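# Notes for the structure review
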Amino acid sequence: MTWTIARKEILSNLLSYKFFVVLLLMVLLVATSLFIMHRDYNLRTADYQIIRPKPGEPIALLAPNPLSIFAKGLDEAMTRSFEIGSVGITVRAGQSSGNVIYSFFPAPDFLYIVRVVLSLVALLFGFDQVSREREQGTLKLVLGSSVSRAKVLAGKWLGNFLSLAVPFLLVTLLGTAVLLLDPQVRFSPGQFARLGLILFLSVLYLGFFLSLGILVSALTKRAATSIVVLLFIWALLVFIIPNLGTLLARQFVAVPPVRALSEKHQQTWTREVLLGMAKGVDRKEGIATIIRENDQLEKDYRLKFDRLVRLSRNINRVSPSASFLDAASEIAGTGIGEESRIKGDIIRYNDAVIGRILADWNVIDKDKTYPAFTYKPRSLGEIFAGGALFDTAWLVFFNIISFALAFVAFVRYDVR
Amino acid sequence: MMKTLIAKEVRANLLSFRFLASFVILFVVVAITAAVLAGDYTRSLDDYSQRQAEIEKYLRTYAHFNRIQGVLQATQPPIPFQALVRGLTADVNMEEFDDDPLPVMFPLIDLTFIVTILMSLIALILSYDAVCGEKEDGTLKLMLANNLARSKIVLAKFAGGALTIVGPFLVSLAAGMIIILAHPRLGWAGADWGALGLIAAGAIVYVSVFYLIGVLISSTHRSSASSIMTSLFVWVLLILVVPNLSPYVASFVSPAPSRIKVYREMRRLTDVDRDELGRKLSDEYRAEALRQYPVLAERLTESEVKSRVAADAEYRKAYEAMRAAVEKAWADANRIQGAKSDALEADLGRKEKAQTGLARAISMASPLADFSYLATDLSSTGTRNLEHFGRLREAWGSTFYGDYRTKKLAEFKARNPTADEWNTAIDMTDAPRFRYTEESLGGRLGAALAPFAVLLGYCVVLFAAAYAAFARYDAR
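Residues numbered from 1 in each chain as written. Chains lettered and ligands numbered in written order. Predicted model: local features only at pLDDT ≥ 70, side-chain atom pairs only at ≥ 80, totals over all residues.

### A few points about the overall build of chain A
Defined as follows: Helix and strand assignments follow DSSP, with helices taken as H or I runs no shorter than four residues and strands as E runs no shorter than two, numbered in order from the N terminus. Put plainly, a residue is buried at 20 or more neighbouring C-beta atoms within 10 Å of its own, exposed at 12 or fewer, and partly exposed in between, counting only other residues' C-beta atoms, which are placed from the backbone. The contact criterion used here is simple: two residues whose C-beta atoms, placed from the backbone, lie within 7 Å are in contact.
Within chain A, the secondary structure is distributed over 14 helices and three strands. Its C-alpha atoms put chain A at 95 × 50 × 35 Å along the principal axes. Residues counted as buried form 48% of the 416 residues belonging to chain A. Taking all contacts inside chain A whose residues are at least 6 apart in sequence as the whole, residues at least 24 apart take part in 83%.

Below you can see the structure in the form of structure tokens.
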């Protein structure tokens, strides 16, 4: 019986104007997003080829991550070049720095499309499931036959979920297939698995919004009320909580501004050079002072920043949208956790080669060779242990709770 | 009659659930945002004065002209308007190792966000069934059966609807203003209030655009269920898609060379290539000098050359000519390669500017981008302010490195003629400091006029379209 209802839902969706609009939106957005982010990836890869360090240079540089086409995250920050030298780590930023319009609006990657646009679409599938059928009078007829309300609700959920998820997955897989025609985009089997996980999370995320839609529609008498409530909940979950949460966390954890750090570096460095020249003291001593003071400063900053990230993550988790963003970008390898891990490795690399760089002060450039920087991205196991598992479980929990509440609301629903 | 119609629209809206929900949400979000952002502003103000104190301390003891440019720099202080509009003020710092990636992942929420996302959504929610809803209820027939022009009905619907949205917006904004006024450390000047008034005017026009989009869509649809679908579809495209795609599309249409590539090329031109050219030119010029002064062909050791220069006036002349030739060769090489590298940089700058302009133009198809530009430019947190800041920095740079440094170096040289004036600590506490002042409101207004005009244009076109659609609407 559940399947019959699901089929009825799918068939009626297929014929509806809503489905047409949604399908159009999905195809348009997923295709444009993949096309545009693919081009962005290629440009950044071209840059990477240019500044790739020659063997022996003490430069840490990572190639752009092909999964950044789907989840750009912090890939741009991660693929900067970090040059180790006696004055500290010199950073060169990449591509998009010339056009300020980039910093006005978030990148329209696949994750953004799912998180912001498709969540709205999922709500549109759910918002009138109960209240519209009541308004049309068909709910009475369905319940008049000997079907349990649980089965009706399950059928509705399944039918709408399939009419949302199947086109979504088809469009995405088709887009990915087209993407793979470009020989520059190479996914390893591991990355395919990660992409699969991201798709799984996306479907889970959309499932939550569908259940939420059904829940609200079972709580309201009219579809017009239901859509209003849902749109506000959507704005709250997708925009307000994640963005306000980060600001709120800053009120509790005082992190010094990053500019203060770079200013302090400059001050320490120029001071030591001056003192070294004036007193004729050993250059090495001055550099040791610079490194000691800066290390202290940076360590302090990183500790506080880690606390800030943890706190803002936990505040943001109130919204499944932030959970989804965190988990999916970490799995793609472009999240905040991965970035701080890369930085940790660069600091270790700096500590490993800085002694030799200082010792080689008088050696001509040609003869200096240092071990290359290598970075091994976190494995899926580490990513899951570092929070993604919790976020996934959290999304599952949101799904279950919203469906259970929808069931309770529907059981108590007055069909008259 | 107009009055009655508008009053009816306003009353119908006021009593509706959607109005109440919108009002509550708007009020709460504006109040929370203003409070949180005001706290954030005072924190960044403290941080800023602490940073300035560090610099002052440095200037007293360790300042020396060789490396002062790394320490004494023009920095943008936090401005009081950040308690409402954040714009481009997020401290991301991609140029340094320790950056702050949080604003990249979670963009900050501010008044611009509230207006662009929440208010536009509210406007559509209130207007998507303006016409088709009345048709479904059957009241449209009744209304039209009276002696009422359709143009009056559209105008009344628009005016009544806009009034009902503007009310809650202004009340919420007042709540935000009270929070700002009550904040002890947030000194807003007259220009700030003026800018806020202008931004509020822009917000009203912006909301009107979306209300009219709703009216237009509702008078092209038979049922409100399909009207809301189309409305949301248009909303998604205008708000969530067009602005975000615009810089990427612009980089596709009007490509700029990669900065990294250009800087590499520039470095090669002024380094390896310069050396090569310098060697080639100095060979040429030396050969020339040799032809003029054959005496130079003699092979001498360094000390022999020295003694001969001292003794022989003729040889000294030849020697000087040779040295001048070599110097000229390198100066020429520097000039030629420098010009090539400058041309590359200028070309990059031109192309980036073209691309930015195009991205801006494309994004202005979206009312969201128009309002964002309007609000950030008026509040000195946008691109206009970046340019203004650049000009101030340049002016300060020329007073510091021109007048002040020349004077200070001369003074120092007069006192201790033998010391190295570049690498000795000089008390620079009397140095001219960079003072940031916001651009005058008039200038900011000039920048905001273009997006404002686009929004107004949208209003006019949409109203005409809504009227045309409603005039042809089948009320049965």
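### Quick notes on the sheet that holds strand β1 (residues 59-60) of chain A
Residues and elements named next belong to chain A. What counts is decided by this rule: Two strands are said to pair when DSSP picks up at least two bridges between them.
Across the sheet, three strands lie side by side as β1-β2-β3; this open sheet has antiparallel pairing. Each edge of the open sheet is held by one strand with a lone partner, namely β1 and β3 (88-92). Two strands pair when backbone bridges link them, and strand β2 (residues 81-85) and β3 are joined in this way by five bridges, in the antiparallel orientation. The partner of F82 across the bridge, within β3, is V91.

### A short note on unusual backbone geometry
Residue and element names in this part refer to chain B. Even without a glycine there, the phi angle at S380 is positive, about 55 degrees. Tracing the backbone through its elements, the reader meets S380 in the loop between α15 (367-378) and α16 (383-415). With 29 C-beta atoms packed within 10 Å, S380 lands in the buried category.

### A few points about the domain arrangement of chain B
How big an interface is tends to be reported as the loss of accessible area on association of its parts. Residue and element names in this part refer to chain B. Formally: Annotation comment: domain bounds sourced from an automatic or database domain assignment.
Taken domain by domain, chain B consists of domain 1 (2-258 + 365-471) and domain 2 (268-358). One C-alpha centre belongs to domain 1, the other to domain 2; they are set 54 Å apart. Contacts between domain 1 and domain 2 engage six residues on the former and six residues on the latter.

### Looking at the interface of chain B and chain A
Each side of the interface is counted separately: chain B has 76 residues, and chain A has 79 residues. The element that contributes the greatest number of residues to the side of chain B that touches chain A is helix α10 (residues 224-253) of chain B, accounting for 17 residues.

### Brief notes about the nonpolar core
Stated formally: Put simply, a nonpolar core is buried Ala, Val, Leu, Ile, Met, Phe, Trp, Tyr and Cys residues tied into one set by C-beta atoms within 7 Å.
Core analysis: the biggest nonpolar cluster contains 189 residues, and V117, V121, A235 and A328 of chain A together with L118, Y211 and V236 of chain B have the highest contact counts within it. The element contributing the most residues to this core is helix α9 (residues 223-252) of chain A, with 16 residues. When sequence neighbours within four positions are dropped, the list of residues in contact with A235 of chain A reads I240 of chain A together with I117, L118 and L121 of chain B. Counting residues in hydrophobic clusters, the runner-up holds 13 residues, among them V273 and I287 of chain A together with Y62 and L72 of chain B.

### What to know about the environment of A369 of chain B
All names here are of chain B. Position of A369 among the secondary structure elements: in helix α15. For A369, a count of 27 C-beta atoms within 10 Å translates into the label buried. For the pair A369 and L358, spaced eleven residues apart in the sequence, the C-alpha separation amounts to 13 Å. Leaving out residues up to four positions away in the same chain, A369 has contacts with P243, S363 and M364.

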